[in-house]
Amino acid sequence: MAEHRDVRASDDDREAATRRLRLAVEEGCLDLQEFDDRVGRALGATTRGELAGLLADLPSERRQSLPPARRGAPRWLKTLWAVWGAVLAVNVVVWAAVSVAEACPLDFWPKDLLAPAVVLAVVTAAHAARRRASLPSGG
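Below is a short write-up of the structure. (Residues numbered from 1 in each chain as written. Predicted model: local features only at pLDDT ≥ 70, side-chain atom pairs only at ≥ 80, totals over all residues. Heavy atoms only, no water.)

### Side note on the packing of aromatic side chains
Here's step 1: Across all of its chains, the model carries two aromatic pairs by this definition.
Here's step 2: Ring centres 5.8 Å apart and planes at 85° place the aromatic pair W81 and W84 in the edge-to-face group. Residue W81 and its partner W84 are located together in helix α4 (residues 75-101), separated by three residues, close to a single helical turn.
Here's step 3: A relative accessible area of 29% means that W81 is categorised as partly exposed.
Here's step 4: Looking at W84, the relative accessible area reads 17%, which means it is buried.
Here's step 5: Each ring, one from W95 and one from F108, has its centre 4.8 Å from the other, and the planes form 85°; the classification is edge-to-face. Pair noted here: W95 is in helix α4 and F108 is in the loop between α4 and α5 (114-134), with a separation of 13 residues, a long-range link. (Phe/Tyr/Trp six-rings, centres within 6.5 Å; stacked < 30°, edge-to-face > 60°. Helix = DSSP H or I, 4+ residues; strand = E, 2+ residues; numbered from the N terminus. Buried < 20%, exposed > 50% of the residue type's maximum accessible area, 1.4 Å probe, protein only.)

### Observations regarding the nonpolar core
Here's step 1: Counting residues in hydrophobic clusters, the biggest one holds 13 residues, and the most contacted among them are A17, L21, L30, A42, L51, L55 and L58.
Here's step 2: Of all elements in the fold, only α1 (11-27), α2 (32-43) and α3 (48-55) reach the threshold of two or more residues within this core.
Here's step 3: Those residues within four positions of L30 in sequence are excluded, and the remaining contacts are L21, A24, V25, F35, R38 and L58.
Here's step 4: In terms of nonpolar packing, the next biggest core, distinct from the first, is built from five residues, L77, W84, A117 and L120 among them. (Core = buried A, V, L, I, M, F, W, Y, C linked by side-chain atoms within 4.5 Å. Contact = heavy atoms within 4.5 Å.)

### Comments concerning α1
Here's step 1: Between the first and last C-alpha of α1 there are 24 Å, a value that for 17 residues agrees with the 24 Å anticipated at 1.5 Å per step.
Here's step 2: Every buried residue of α1 is listed here: D13, R14, A17, T18, R20, L21, L23 and A24.
Here's step 3: Of the surrounding secondary structure, the elements contacted by the buried residues of α1 are α2 and α3.
Here's step 4: Just downstream of α1, G28 is the residue with a positive phi angle, here 85°. (Expected span 1.5 Å × (residues − 1).)

### Looking at the packing of α1 against α2
Here's step 1: Orientation of α1 relative to α2, taken along the N-to-C sense of each, is 175°, at an axis distance of 9 Å. Comparing their axes, α2 and α1 come out roughly antiparallel. Of the residues in α2, those in contact with R14, A17, T18, L21, R22 and V25 of α1 are L32, F35, R38, V39, A42 and L43.
Here's step 2: Residue composition of the contact of α1 with α2, by class: eight nonpolar, one polar and three charged. (Axes fitted to C-alpha atoms, helices over the stretch in contact; angles between N-to-C directions. Parallel < 35°, antiparallel > 145°, perpendicular 65-115°, else oblique. Nonpolar A, V, L, I, M, F, W, Y, C, P; charged D, E, K, R; others polar.)

Set out below in structure tokens:
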């Protein structure tokens, strides 16, 4: 895309740039605000040079050491699991403190956090299955 910078960009050129920007978010190279800004500029780009400028500071796609299916869960899913784990930990600590202070142990209310865990597990499994399905056959 860097060659012919003054050539008008096609829809395919703009789509390729937005795909690369999405990958940059997954890699942790761009945050969501920067991604949103660059995608807006990519979709409005007139020339290939404008698109090349939006991608110039990103590492090339060839530098990826693992194929997408082997990189594990995306950052957003790991973040959701971390938040759930932190909420569970706080609830267990509060429950334990309150139960010790009471003469009779309280019902273990943190068990109510298992439903969100089941939803996260289903989403995680579906994501893993989708990644496995996208693997090229034979490898």
